[in-house]
Amino acid sequence: MAEDLIVTRTLVVPAAELSERFSRSSGPGGQGVNTADSRVELSFDLAASSAVPEWLRRRMVGRLENRLVDGVLTVAASEHRAQLQNRAAARERMARLLRDAAAAPPPVRRATKPTKGSQERRIAEKKRRARTKQGRGGGGWD
């Protein structure tokens, strides 16, 4: 499965920059769980990647800083019994993480002033509420 990882239409991680490690999974597997290396760790050195433009790399490193260890993003998958399925799951998870990190920031909200009508409705509602509450106050039971 040594093929490029397609993150977006414009961002493709070459297979040469991905590294896979296999180990024994603690998950399902029956008798073979102690002998088969079905757990997959997929690593990508984001900080040193030549596939990611510098401006995008800064954004991605900033968003993934809690997940990076020395600039390397690692994803593990062990939910399936078969190594091939875990490899596919790890690649999908890696692509999703990189896609989310590369996404454009949301547009900046411009503050607007409340309209004259909304201000008047707000004051009218406050006055109505005040009259309601004032009517609750009563004298004692003399």
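You'll find the structure just up there.
It should be emphasised that the depicted structure is a prediction, and the values quoted were computed from it without experimental measurement.

S.K.: Can you help me understand the overall build of the protein in this one?
M.R.: A tally of helices and strands in the protein yields 3 helices and 6 strands. Starting at the N terminus, the α and β elements of the protein follow one another as β-β-β-β-α-β-β-α-α. Going through the 142 residues of the protein one by one, you find that 26% of them count as buried. Counted over contacts in the protein with a minimum sequence separation of 6, partners at least 24 positions apart contribute 59%. For the protein, the computed accessible surface area is about 10300 Å², with 51% contributed by carbon and sulfur atoms.

S.K.: I would appreciate a short explanation of helix α1 (residues 54-63) in the present structure.
M.R.: Side chains of residues three or four places apart in an α-helix project in the same direction, reflecting 3.6 residues per turn. Buried residues of α1: Leu 56, Arg 57 and Met 60, and no others. Down the axis of α1, the sector holding all buried residues measures 100 degrees, keeping them to one side. For α1, the exposed residues lying more than 90 degrees away from the buried face are Trp 55 and Arg 58. Tucked into the core, α1 has its buried residues touching α2 (83-102).

S.K.: Sorry if this is basic, but what is going on with α2 here?
M.R.: An ideal rise of 1.5 Å per residue puts 28 Å on 20 residues; α2 measures up with 28 Å between its terminal C-alpha atoms. Inspection of α2 places Asn 86, Arg 87, Ala 89, Ala 90, Arg 91, Met 94, Ala 95, Leu 97, Leu 98, Ala 101 and Ala 102 among the buried residues, and these make up the whole buried set. Buried positions along α2 lie against β1 (5-6), β2 (12-13), β3 (18-23), β4 (39-45), α1 and β6 (72-77).

S.K.: It is not clear to me how the pattern of salt bridges should be interpreted in this structure. Could you clarify?
M.R.: Should the charged atoms of two oppositely charged side chains come close, the side chains can pair. All chains considered together, the criterion is met by 7 salt bridges. Two residues, Glu 54 and Arg 57, come together in a salt bridge whose shortest N-O distance is 2.7 Å. Linking Glu 54 with Arg 57, this pair stays in helix α1, spanning 3 residues, or about one helical turn. Among the residues examined, Glu 54 registers a relative accessible area of 43% and is labelled partly exposed.

S.K.: Would you mind showing me how to read the sheet that holds β4 here?
M.R.: Strands in a sheet are paired, the pairing made by backbone hydrogen bonds, and the direction either parallel or antiparallel. With respect to topology, 4 strands assemble into an open sheet ordered β3-β4-β6-β5, the strand pairing being antiparallel. Bordering the open sheet on either side are β3 and β5 (68-69), each of which pairs with just one other strand. Two strands pair when backbone bridges link them, and β5 and β6 are joined in this way by 2 bridges, in the antiparallel orientation. Among the inter-strand pairings, Val 69 is bridged to a residue of β6, identified as Val 72. Its contacts with the sheet place α2 against β3, β4 and β6, and it is angled at close to 140 degrees to β6.

S.K.: Please clarify how the nonpolar core should be interpreted in this entry.
M.R.: Nonpolar side chains in soluble globular proteins tend to end up buried together. Residues Phe 44, Met 60, Leu 64, Met 94 and Leu 98 are the most contacted members of the largest nonpolar core, which totals 25 residues. For this core, the elements supplying multiple residues, two or more each, are β4, α1, β6 and α2. At 8 residues, the largest contribution of residues to this core is made by α2. Every residue in contact with Phe 44, bar those within four places of it in the chain, is listed here: Val 13, Glu 17, Leu 18, Ser 49, Val 52, Gly 71, Val 72, Leu 73, Met 94 and Leu 98.

Basis of the calculations
- Residues numbered from 1 in each chain as written.
- Predicted model: local features only at pLDDT ≥ 70, side-chain atom pairs only at ≥ 80, totals over all residues.
- Heavy atoms only, no water.
- Helix = DSSP H or I, 4+ residues; strand = E, 2+ residues; numbered from the N terminus.
- Buried < 20%, exposed > 50% of the residue type's maximum accessible area, 1.4 Å probe, protein only.
- Contact = heavy atoms within 4.5 Å.
- Areas by Shrake-Rupley, 256 points an atom, 1.4 Å probe, with all protein chains shown as cover.
- Arc of directions from axis to C-beta.
- Expected span 1.5 Å × (residues − 1).
- Salt bridge = Lys/Arg side-chain N within 4 Å of Asp/Glu carboxyl O.
- Pairing = 2+ DSSP bridges.
- Axes fitted to C-alpha atoms, helices over the stretch in contact; angles between N-to-C directions.
- Core = buried A, V, L, I, M, F, W, Y, C linked by side-chain atoms within 4.5 Å.

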